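# Overview (structure and organization)
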Amino acid sequence: MSAPFRHRRDPSAATLLAAAVALLAWPPTGAAALPRDGNGNYTQILCASPMTGEGLGLSGMPEGLSNPASTDLWQSTSAEVNCGAGAMNAGRGVPMRVSQTNSYAQGTWSALLYQAPPGATINGGTIYRAEKAEGPNNGFMGIIQQGGDYEVLYSLPRNPTDQGDWYVGNIAARGTFAAPFSPENKVALTISPDGGQWDVNATCDPNGNNGSSCSLSTGQWEYRIFGGEISMHAPHDPQASNISGALLSESPLRGSASITFSAADQGPGIAYLKVLVDGAAMQSQIIDTNAGRCVPVPGYDAYTWAYQVPCKTSLGGRTYTLNTTALPNGPHHIQVIIEDAAGNQSEVLNRTVAIENPSVRSLGATPGTGSPVLVTGVANGSHATTSAKLHLGVPRQIARSFAHRALRIPGRLTSASGQPIAGATLRVIQQVLGASRSRVITLARTAANGTFIAKLPPGPSRMLNITYRAFTAESGYAAHAMIRESVRAGVVLRISPRRTRSTGTITLSGRVRGPVPTQGAIVDLLVHYRGHWEPFRTPRTNRHGEFRVLYQFEGGVGRFPFRAAIPGGQTGFPFIHGESQVVDVNTG
């Protein structure tokens with residue numbers, strides 16, 4: 001079968017200056033999923049968020065990434081790295097420089113090297129990249145994987161007559177600069193035997209290994225990482241020391257009781273303080289924002305950061321206070337916990353102690369054990385309590401199609417002891433992917449057994465927070481639960497005619513569904529050819545989501561399946577990757 005595409009690249013015209021991608025050892029297929037964050041695992045977002053397509057606002061190289069080279073001419077400067085705020089585009093991200101105006105001896109190399117910080121190893125992850133290699137036969141340019149065993153991920157042919165596969169391993173395509181977070185730009189990282197590094201490198205390896213030099217003309221070679229998600233494991237728990245204060249030693253407790261301590265961590269730093277009373281969280285906060293570094297990346301979980309070591313690894317003399325007047329009198333189990341940026345925890349305090357505060361109505365008299373503290377505001381439901389538990393009947397991460405976006409969330413609201421809270425009103429708060437503000441979208445009410453069903457209107461990808469306040473005067477939430485809903489983009493593809501000659505022209509048109517940004521949305525048009533889906537056009541829709549492309553075959557005979565794909569992470573388009581139905585075209 002002859003090639004059906006007029007614009008298909010001819011391998012014999014490819015440049016051949018050598019490039020190697022040493023990506024380290026997470027197998028692309030059949031591998032176990034990466035561990036969830038927490039319990040010693042955390043994620044670093046590299047340069048830009050694949051979820052939103054937005055840069056992290058960093059200057060210079062992302063933490064952990066460097067650009068070693070055998071010559072200064074093959075080393076990117078900090079000014080050439082662009083991980084600042086705003087949507088990623090073709091000229092942003094982290095480039096790997098290969099000088100294209102001189103000749104270089106065999107073995108000249110440049111790399112983008114990522115190394116795990118001390119006390120951590122790499123679980124795996126992904127990067128989004130695009131690359132090009134064009135021009136005459138000036139050397140050997142390829143992308144390779146290097147871990148325990150040297151393994152080719154991607155390479156261009158070593159000579160003009162080589163017609164072998166261009167892409168092997170988990171690399172399916174060279175990627176596109178036009179859409180930085182297109183699915184074809186995604187590469188699964190593979191990890192070295194020690195779990196400590198991965199790298200992408202370019203090396204001059206002249207055709208035939210004859211010792212000659214390599215050269216390229218300006219603009220013939222480019223490799224650029226736009227963003228990524230690196231999962232790491234840090235096994236060490238943080239340690240507290242120099243602990244003192246009334247919360248530690250006094251009994252009974254009255255009024256405000258404080259605790260003071262210092263702490264150190266061998267991993268990504270100390271992130272959170274948590275105060276639990278009778279197993280329910282009374283307080284949870286970031287201990288020190290570390291000048292903005294120790295703040296999770298918006299839209300992700302509490303253990304996803306823009307840095308390898310986001311939080312301070314040493315803290316001295318921190319004091320925290322518990323207002324015991326907010327608790328009923330009587331015995332209570334109190335825990336103070338510190339947690340590092342990977343979710344490793346250590347207890348600073350763990351004790352059961354009596355609380356005795358004077359009743360407002362007793363003019364200073366100390367009430368007996370179990371007497372309640374006066375609480376202002378109206379109770380939200382029968383048996384309302386600030387130690388409520390919210391149980392949901394759906395996973396905390398949901399992926400849905402555009403056509404099935406309406407969502408029902410069942411659940412149950414109880415006290416810490418399991419007693420149902422009836423007649424309570426819960427609010428469902430929505431924050432659309434990429435948005436900075438949230439809003440209440442619906443309410444739900446509990447039945448006599450504490451159960452409820454929250455009925456949500458259709459929406460885009462979003463964070464949902466189901467919240468419960470025990471009393472109307474309560475400033476925070478007695479219980480809440482987060483759900484991340486990812487909605488696949490909707491797209492309809494039409495092709496006319498569906499049968500044509502081997503050199504005929506067809507029209508591909510369609511519409512992207514949902515709220516499309518003013519600048520339109522990028523669409524990848526693909527055809528199934530020689531065993532895999534291959535992109536051949538990347539049009540942008542108008543503001544109504546409509547697109548139209550003319551396409552001519554070049555002698556191909558047979559059945560050709562087509563489909564349209566919408567890359568996720570596009571600015572102003574809060575949906576994840578979605579695909580159309582497959583449309584067959586027959587030629588002959």
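Think of each chain on its own: its residues are numbered from 1, step by step along the sequence as written. With the structure being a predicted model, the display of local features is reserved for residues of pLDDT at least 70 and the display and counting of side-chain atom pairs for 80 or more, all residues being used for whole-chain, interface and lining totals. Side-chain measures here rest on the full set of heavy atoms in the structure, leaving out hydrogens and waters.

## Quick notes on the overall build of the protein chain
Counting from the N terminus, the helices are DSSP H or I runs at least four residues long and the strands are E runs at least two residues long. What the protein chain contains, in helices and strands, is one helix and 42 strands. For the protein chain, buried positions account for 51% of its 588 residues. Two residues qualify as a contact provided that any one of their heavy atoms is within 4.5 Å of a heavy atom in the partner residue. In the protein chain, once contacts between residues fewer than 6 apart in sequence are set aside, the share between residues at least 24 apart is 72%. On the protein chain, roughly 25,200 Å² of surface is accessible, and the fraction owed to carbon and sulfur atoms is 49%. Note on classification: 1.4 Å probe, protein chains only; a residue is buried when its accessible area is under 20% of the maximum for its type, exposed when over 50%, partly exposed between these limits. Throughout, the Shrake-Rupley method with a 1.4 Å probe supplies accessible areas, and for residues the shown protein chains are the sole cover considered.

## Observations regarding the pattern of salt bridges
Salt bridges are counted wherever a side-chain nitrogen of Lys or Arg sits within 4 Å of a carboxyl oxygen of Asp or Glu. For the structure on display, the rule yields 11 salt bridges. As a salt-bridge pair, E356 and R254 come within 3.1 Å of each other at their nearest N and O atoms. Of this pair, E356 sits in the loop between β25 (345-355) and β26 (389-392) while R254 sits in the loop between α1 (246-249) and β19 (256-264); the two residues are 102 residues apart in sequence, bridging distant segments of the chain. Judged by its relative accessible area of 23%, E356 is partly exposed. Since its relative accessible area comes to 44%, R254 is described here as partly exposed. The salt bridge involving R559 is made with D584; its shortest N-O contact spans 3.3 Å. Of this pair, R559 sits in strand β40 (residues 558-566) while D584 sits in strand β42 (residues 583-587), and the two are 25 residues apart along the sequence. One salt-bridge network, held together by shared partners, links D288, K312 and R318.

## Let's talk about the state of the cysteines
Only a pair of cysteine sulfur atoms within 2.5 Å qualifies as a disulfide here. Scanning the model with the defined rule gives two disulfides in all. The partner cysteine of C47 in its disulfide is C83, sulfur to sulfur 2.1 Å. Taking the torsion about the S-S bond as the criterion, the C47 to C83 disulfide, at about -105°, is left-handed. Highlighted residues: C47 in the loop between β2 (41-46) and β3 (54-55) and C83 in strand β6 (residues 82-83), separated in sequence by 36 residues.

## A closer look at the packing of aromatic side chains
For this analysis, a ring pair means two rings from Phe, Tyr or Trp (six-membered ring only for Trp) whose centres lie within 6.5 Å, classed as stacked if their planes differ by under 30 degrees, edge-to-face if by over 60, and tilted for the remaining angles. All chains considered together, the criterion is met by 14 aromatic pairs. Relative to W198, the ring of Y114 lies with its centre 5.5 Å away and its plane at 10°, an arrangement referred to as stacked. Highlighted residues: Y114 in strand β10 (residues 109-115) and W198 in strand β15 (residues 197-203), separated in sequence by 84 residues. Both residues of the pair, Y114 and W198, count as buried. With a centroid separation of 6.3 Å and an interplanar angle of 80°, the aromatic rings of F177 and F226 are classed as edge-to-face. Residue F177 is found in the loop between β13 (150-155) and β14 (186-188), and its partner F226 is found in strand β17 (residues 221-233); the two are separated by 49 residues along the sequence. In terms of burial, F177 and F226 fall into one category: buried. Whether a charge lies above a ring is judged from NZ of Lys or CZ of Arg, which has to be within 6 Å of the ring centre and within 35 degrees of the ring normal. Above the face of the W533 ring, R563 is positioned so that its terminal group lies 4.2 Å from the ring centre.

## Digging into the sheet that holds β25
Here, strands pair whenever DSSP counts at least two bridges between them. With respect to topology, four strands assemble into an open sheet ordered β21-β20-β24-β25, the strand pairing being antiparallel. Unpaired on one side and paired on the other, β21 (280-286) and β25 mark the two borders of the sheet. When strand polarity is set aside, the average angle formed by the axes of neighbouring strands in this sheet is 15°. By the bridge criterion, seven bridges tie strand β20 (residues 270-277) to strand β24 (residues 330-340) in an arrangement that is antiparallel. Pairing of K274 across the sheet is with I337, part of β24. Every axis corresponds to a line fitted to the C-alpha atoms, with the helix fit spanning only the stretch in contact, and the corresponding angles, defined between N-to-C directions, vary from 0 to 180 degrees.

## Section: the nonpolar core
Soluble globular proteins: nonpolar side chains tend toward being buried together. The definition of a nonpolar core used throughout is a set of buried Ala, Val, Leu, Ile, Met, Phe, Trp, Tyr and Cys residues joined through side-chain atoms within 4.5 Å. Of all hydrophobic cores here, the largest spans 53 residues; its most connected members are I127, W198 and W305. With six residues, β17 is the largest single contributor of residues to this core. Of all hydrophobic cores here, the second largest spans 28 residues; its members include I495, V512, F553 and F575.

## Looking at the sheet that holds strand β28 (residues 407-414)
The strands making up a sheet associate through backbone hydrogen bonding, with each pair oriented either parallel or antiparallel. Taken together, three strands build an open sheet; the order of strands is β26-β28-β31 and the sheet is antiparallel. The sheet terminates laterally at β26 and β31 (451-456), the two strands that pair on one side only. Across this sheet, the average inter-strand angle for adjacent strands is 30°, counted without regard to direction. Pairing of β26 with β28, which is carried by four bridges, proceeds in the antiparallel orientation. Across the sheet, L390 pairs through a bridge with L413, a residue of β28.

## A short note on the pairing of β40
β40 sits mainly inside the fold: seven of its nine residues count as buried. Here strand β37 (residues 524-529) pairs with β40 via four bridges, running antiparallel. Residue pairing in the sheet places V527 in a bridge with F562 of β40. Relative to strand β41 (residues 578-579), β40 runs antiparallel, the two being bridged by two bridges. The residue bridging I566 from the neighbouring strand is G578, located in β41.

## Details of unusual backbone geometry
The step from S251 to P252 runs through a cis peptide bond, and the omega angle for that step is -5°. Looking at where P252 falls in the secondary structure, it is placed in the loop between α1 and β19. Omega for the bond connecting S496 with P497 falls within 30 degrees of zero, at -5°, which places this linkage in the cis form. Following the sequence through the fold, P497 ends up in the loop between β34 (491-496) and β35 (499-500). Backbone geometry places C47, a non-glycine residue, at a positive phi of 75°. The phi torsion at N242 lies on the positive side, around 50°, for a residue other than glycine. Looking at the secondary structure, you find N242 in strand β18 (residues 239-244).

## With respect to the side chain of T442
With respect to the helices, strands and loops of the structure, T442 is situated in strand β30 (residues 439-445). Its relative accessible area of 17% is what places T442 among the buried residues. As used in this structure description, the phrase polar contact means that two N or O atoms lie within 3.5 Å; if the pair is within protein, one of them must be able to donate a hydrogen and the other to accept it, and residues adjacent in sequence are counted only when both atoms belong to side chains. Polar side-chain contacts of T442 include one of 3.5 Å to the backbone oxygen of K455. Excluding residues within four positions of it along the chain, T442 makes contact with L426, R427, V428, K455 and L456.

Nothing here speaks to function; it is all geometry.
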